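Results of the structural survey
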Amino acid sequence: MACGFRRSIAYQLSRVLDLPPENLIKSISAVPISKKEEVADFQLSVDSLLENNSDHLRPDIQDQAKRLAEKLKCDTVVSEISTGQGTVNFKINRELLTKTVLQQVIEDGSKYGLKSELFSDLPQKKIVVEFSSPNVAKKFHVGHLRSTIIGNFIANLKEALGHQVTRINYLGDWGMQFGLLGTGFQLFGYEEKLQSNPLQHLFEVYVQVNKEAADDKNVAKSAHEFFQRLELGDLQALSLWRKFRDLSIEEYIRIYKRLGVHFDEYSGESFYREKSQEVLKLLDRKGLLQKTIKGTAVVDLSGKGDPSSICTVMRSDGTSLYATRDLAAAIDRMDKYNFDTMIYVTDKGQKKHFQQVFQMLKIMGYDWAERCQHVPFGVVQGMKTRRGDVTFLEDVLNEIRLRMLQNMASIKTTKELENPQETAERVGLAALIIQDFKGLLLSDYQFSWDRVFQSRGDTGVFLQYTHARLHRFDEVLYRSSQDLQPRHIVSYLLTLSHLAAMAHKTLQIKHSPPEVAGARLHLFRAARCVLANGMKLLGITPVSRM
């Protein structure tokens with residue numbers, strides 16, 4: 001595999017540079033795969049070797065590269081050595097490269113790329129990933145969809161690298177919305193509708209009661225009183241709330257299954273209504289809690305009264321807020337999981353919120369606050385179904401399946417399928433995920449169904465099509481593991497797909513001599529294996545026929 005070639009180059013360099021090979025391995029990078037003629041397979045950045053150079057007079061990089069290249073020799077592994085812009089380039093013996101890589105792919109199977117030396121000194125960690133986190137009774141909007149697929153990718157990647165991962169869905173299942181919902185259900189709710197379609201019915205009730213509360217102060221007062229009853233543990237109010245929550249989770253599990261997503265824990269803000277009071281007492285004991293004229297409680301993170309650094313942690317009636325419950329949840333998870341890293345996957349609008357939560361944990365004396373990480377993502381605009389705006393995740397999944405079925409029906413090469421509905425959904429989801437993951441997660445983008453369902457170019461449909469119809473994979477995985485950006489894997493898989501498609505056109509298997517046909521079949525099997533591995537990490541289920 002690539003790491004074997006990397007190690008061989010590192011050994012030769014270590015003899016010339018008098019440095020341990022282990023110090024050089026990560027400085028030797030694979031040259032990105034391209035449809036054009038390759039200059040080299042690996043390159044060493046001379047600059048990376050000079051980073052630790054204590055000599056203030058850094059020598060000319062280009063001159064250094066040339067001098068280093070002159071001291072190196074070609075051998076059974078390296079067939080050609082050249083220099084580029086501040087780099088020493090290595091081309092691997094073609095026959096050896098082909099044989100070794102194909103053999104490694106077939107031998108390692110689903111573990112290909114993960115056994116690389118790039119990951120050899122990687123300590124196994126306990127990682128908590130909080131993602132998706134919809135609000136019960138509110139729209140499961142596109143932001144939640146992005147959080148779901150990005151969080152699933154991060155959890156898949158961390159798990160594949162051997163870490164112990166806990167996937168948490170932290171539901172918005174507490175707060176004033178439940179005061180409105182409890183009152184609304186008593187006014188407009190129907191038990192039968194709740195049982196048959198809980199998410200839809202609770203959303204309808206929520207919309208209706210919000211309108212009423214805006215016009216009628218008594219409805220708003222009842223909602224406030226209902227939430228206070230919840231906070232005080234009133235059994236009747238809690239029983240209704242629990243029914244809403246349980247029915248919603250059942251529905252979420254069914255829908256997540258369609259996405260190929262699962263969670264180890266369904267938590268929620270409700271779990272921390274009592275523990276958030278303990279957080280307030282701790283903040284008070286440490287002298288961090290300040291009461292305002294309005295009766296609310298705040299924490300001044302600047303210590304100088306800077307308004308932008310003030311975080312409200314308690315309402316005037318003593319009830320908890322989102323930030324307080326997040327503090328309680330973080331402390332509880334540390335006690336429960338003793339995590340090395342906890343990753344929150346939400347939209348970039350919550351960046352300040354998490355900065356404040358992490359800062360508060362630190363000033364409360366929790367040094368492990370540094371292990372908490374927020375992975376923010378941009379806004380998607382323009383996602384609509386044919387019936388209008390997206391209200392629920394299920395609307396998106398149904399739209400994907402419908403559009404893909406129509407696409408497949410119009411393509412002459414589509415095979416007779418046992419389960420066209422399932423295939424359409426899998427291919428459609430691949431299309432959606434690839435469109436989302438192609439750029440930086442932080443970037444906003446305009447959603448387009450037409451772009452999602454193109455079967456040519458860099459799209460998920462093309463990726464599935466290639467799969468249904470290699471040696472730098474470890475480095476791509478390494479890059480994604482460092483910055484948690486799926487675009488490195490997406491870019492690699494799409495390029496590999498294009499190259500495999502070109503090879504498929506030119507390297508005929510039929511009518512070829514048996515040994516040639518066997519070798520070519522081996523190549524396509526290897527490409528298919530790597531594509532499948534990468535797709536699964538992205539949260540895409542590969543299809544065999546389409």
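Scroll up for the structure.
Below is a summary of the structure that appears in this document. What you see is a predicted model, and the numbers here were worked out from it, not measured in a lab.

Moving on, we get to the overall build of the protein chain. Within the protein chain one finds 21 helices and 16 strands. Classification of the 546 residues of the protein chain by burial places 53% in the buried group.

Further remarks concern the packing of helix H9 (residues 198–215) against helix H10 (residues 217–231). Put simply, H9 and H10 touch, their axes get as near as 5 Å, and they point 120° apart. Here H10 runs oblique to H9, going by the angle between their axes. Only Lys217, Val219 and Ala220 of H10 make contact with H9, whose side of the interface consists of Val209, Glu212, Ala213 and Asp215. Looking at the contact of H9 with H10 residue by residue, the class counts come to four nonpolar, no polar and three charged.

Another point: the sheet that holds strand E11 (residues 341–347). As summarised here, the arrangement of the five strands in space is E7-E6-E5-E11-E12, forming an open sheet in which the pairing is parallel. Edge positions in the sheet fall to strand E7 (265–268) and strand E12 (372–377), since each of these pairs with one other strand and no more. The sheet shows a mean angle of 25° between the axes of neighbouring strands, taken without regard to direction. Sheet topology note: the strand E6 (residues 164–171)/E7 ladder contains four bridges and is parallel. What sits directly across from Leu171, in E7, is Gly268. Taken strand by strand, helix H11 (residues 235–259) contacts E6 and E7, and its axis lies near 135° from that of E7. Along the sheet face, helix H14 (residues 351–363) touches E11 and E12 and points at about 175° away from the line of E12.

On to the sheet that holds strand E2 (residues 42–45), then. Taken in spatial order, the four strands line up as E1-E2-E4-E3 in an open sheet, and their pairing is antiparallel. Since the sheet does not close on itself, it has two edges, and those belong to strand E1 (28–30) and strand E3 (78–83), each with one partner. Across the sheet, the axes of successive neighbouring strands diverge by a mean angle of 25°, strand direction being ignored. With four bridges connecting them, E2 and strand E4 (residues 87–92) associate as antiparallel partners. Looking at the pairing, Ser45 lines up with Thr87 of E4.

Moving on, we get to empty space enclosed by the protein. Approximately 40 Å³ is the volume found for the largest cavity. Along its surface, the largest cavity is lined by ten residues, and Leu145, Met383, Leu432, Asp436 and Tyr445 are the ones closest to its centre. Of all the secondary-structure elements, those providing two or more residues to the lining of the largest cavity are helix H6 (142–160) and helix H16 (420–437). The biggest single contributor to the lining of the largest cavity is H6, with four residues.

Below, the discussion takes up the packing of aromatic side chains. The final tally for this structure, using the stated rule, is 18 aromatic pairs. Ring geometry for Phe354 and Phe358: centres 5.9 Å apart, planes at 40°, overall tilted. Placement of the pair is Phe354 and Phe358 together in helix H14, with a separation of four residues, close to one helical turn. Grouping aromatic residues by their ring pairs yields a cluster made of Phe131, Tyr252, Tyr256, Phe263 and Tyr266. Just above the ring of Tyr170 sits the side chain of Arg333; from NZ or CZ to the centre is 5.1 Å.

What follows is about the side chain of Glu269. On the secondary structure map, Glu269 appears in the loop between E7 and helix H12 (275–285). In terms of polar contacts, Glu269 uses its side chain to reach the side chain of Arg325, at 2.8 Å.

Attention now goes to the nonpolar core. Note that soluble globular proteins tend to have their nonpolar side chains buried in a common cluster. Leu13, Phe90, Ile154, Leu230, Phe437 and Leu538 are the most contacted members of the largest nonpolar core, which has 126 residues in total. Ranked by residues supplied to this core, first place goes to H11 with eleven residues. Setting aside residues up to four positions removed in sequence, Leu13 forms contacts with Asp18, Leu24, Ile28, Leu44, Leu68, Leu72 and Phe90. In terms of nonpolar packing, the next biggest core, distinct from the first, is built from 36 residues, Leu280, Leu282, Ala328 and Phe358 among them.

Calculation rules
- Residues numbered from 1 in each chain as written.
- Predicted model: local features only at pLDDT ≥ 70, side-chain atom pairs only at ≥ 80, totals over all residues.
- Heavy atoms only, no water.
- Helix = DSSP H or I, 4+ residues; strand = E, 2+ residues; numbered from the N terminus.
- Buried < 20%, exposed > 50% of the residue type's maximum accessible area, 1.4 Å probe, protein only.
- Axes fitted to C-alpha atoms, helices over the stretch in contact; angles between N-to-C directions.
- Parallel < 35°, antiparallel > 145°, perpendicular 65-115°, else oblique.
- Contact = heavy atoms within 4.5 Å.
- Nonpolar A, V, L, I, M, F, W, Y, C, P; charged D, E, K, R; others polar.
- Pairing = 2+ DSSP bridges.
- 1 Å grid on protein atoms, 1.4 Å probe; cavity = no way out; pocket = protein on both sides within 12 Å on 5 of 7 lines; lining within 4 Å.
- Points joined across faces, edges and corners; volume = space filled by probe spheres on them.
- Phe/Tyr/Trp six-rings, centres within 6.5 Å; stacked < 30°, edge-to-face > 60°.
- Lys NZ or Arg CZ within 6 Å of the ring centre and 35° of its normal.
- Polar contact = N/O pair within 3.5 Å; in protein donor to acceptor, adjacent residues only side chain to side chain.
- Core = buried A, V, L, I, M, F, W, Y, C linked by side-chain atoms within 4.5 Å.

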